[in-house]
Amino acid sequence: MSRRTFLRTTGLLSASGILAGLYTWQVEPFWLEFVRRKLPIVDLPKSLVGKTLLQISDIHVGNRFDYQFIIDSFKRASALEPDIVVYTGDFVSWEDEQQLRQLREVMAHAVKGTLGTFAILGNHDYGHNWGEETVADEIVGILSGADVRTLRNETVVVNGLHLTGIDDLWGTNFNPSSATSGIDPAAANLVLCHNPDVCDMDVWNGYRGWILSGHTHGGQCKPPFLPPPLLPVKNRRYTAGAFDLGDGRQLYINRALGHSQQVRFNVRPEITVFTLA
């Protein structure tokens with residue numbers, strides 16, 4: 001290889017690396033995708049067939065990226081006029097009480113469902129080391145002020161759909177058996193559970209149906225045709241998208257709207273738009 005060819009090749013590789021870095025830092029983290037899919041629920045009331053259920057997960061409001069992106073995304077999602085909206089945890093990237101003010105600012109623009117708006121908490125909503133119950137309580141209060149009801153190991157009925165929320169696996173209020181013991185198998189059911197690792201625990205009391213989760217962010221960076229190298233779960237199968245758990249349960253993992261750090265590659269931020277069926 002001649003010196004000129006070597007320098008040209010090196011220059012092209014350097015330029016490609018710079019462009020890839022800019023893309024993962026400034027483009028894909030803010031390139032929102034609305035993922036649309038059907039959500040078949042056994043014994044769903046006819047009045048809910050065709051209705052829209054919108055899932056938002058892991059908004060991570062804080063200082064790690066410009067959360068104006070979250071507000072802008074909320075405005076776009078609100079224009080869809082969803083019937084039911086569920087938030088599946090990690091509302092903040094907790095550092096200090098500053099995040100409470102920031103979350104109030106963001107949730108002033110919260111996406112709301114015409115039939116109801118519900119949430120569960122994630123591990124980051126429990127403050128430092130996931131052990132600050134007072135932080136979780138403050139976040140629940142902010143959500144309530146935005147007309148979002150937080151489900152903490154409890155079930156609510158929305159026009160005949162039984163919606164159960166399990167508190168976070170790593171938080172101080174994790175009690176899945178209490179949550180699932182109240183599920184009526186003869187009803188139309190849907191479960192919200194932030195961390196998909198809970199799916200592998202013996203806490204489901206025979207539940208059959210869909211579970212909506214978040215937590216993984218899809219790994220945030222994923223090489224083409226390969227699994228993401230970093231995932232915050234024990235079960236490395238749980239990346240993003242739909243999974244058949246093989247026992248009548250189906251799992252859907254949202255890729256997250258926010259990010260733990262401002263970097264994404266091949267894993268765009270997601271809001272999921274389900275059509276109930």
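Bear in mind that the values here come from a model prediction, so they are computed numbers and not experimental data.

### Looking at the sheet that holds strand β5 (residues 149-150)
Strand order in the open sheet formed by six strands is β1-β12-β2-β3-β4-β5, with mixed pairing between adjacent strands. Strands at the two margins of the open sheet, each flanked by one partner only, are β1 (33-39) and β5. Bridging between strand β2 (residues 52-56) and strand β12 (residues 270-276) involves four bridges; their strand directions are antiparallel. Note that in β12 the partner of Q55 across the bridge is T272.

### Here we look at the pairing of strand β4 (residues 116-120)
Counting buried positions along β4 yields five of five residues, so the element is predominantly enclosed. Here β4 shows no split at all, with G116, F118 and I120 on one side and T117 and A119 on the other all buried. Relative to β4, strand β3 (residues 84-88) is paired through five bridges, and the arrangement is parallel. When the bridges of β4 are listed, Y87 appears paired with A119. Remark: the β3/helix α3 (residues 98-107)/β4 crossover connection has right-handed handedness. Relative to β5, β4 is paired through two bridges, and the arrangement is parallel. Among the inter-strand pairings, F118 is bridged to a residue of β5, identified as R149. For the segment spanning β4, helix α4 (residues 133-145) and β5, crossover handedness is right-handed.

How each quantity is defined
Residues numbered from 1 in each chain as written. Predicted model: local features only at pLDDT ≥ 70, side-chain atom pairs only at ≥ 80, totals over all residues. Heavy atoms only, no water. Pairing = 2+ DSSP bridges. Helix = DSSP H or I, 4+ residues; strand = E, 2+ residues; numbered from the N terminus. Buried < 20%, exposed > 50% of the residue type's maximum accessible area, 1.4 Å probe, protein only. Right-handed = clockwise from strand over helix to strand, strands pointing away.

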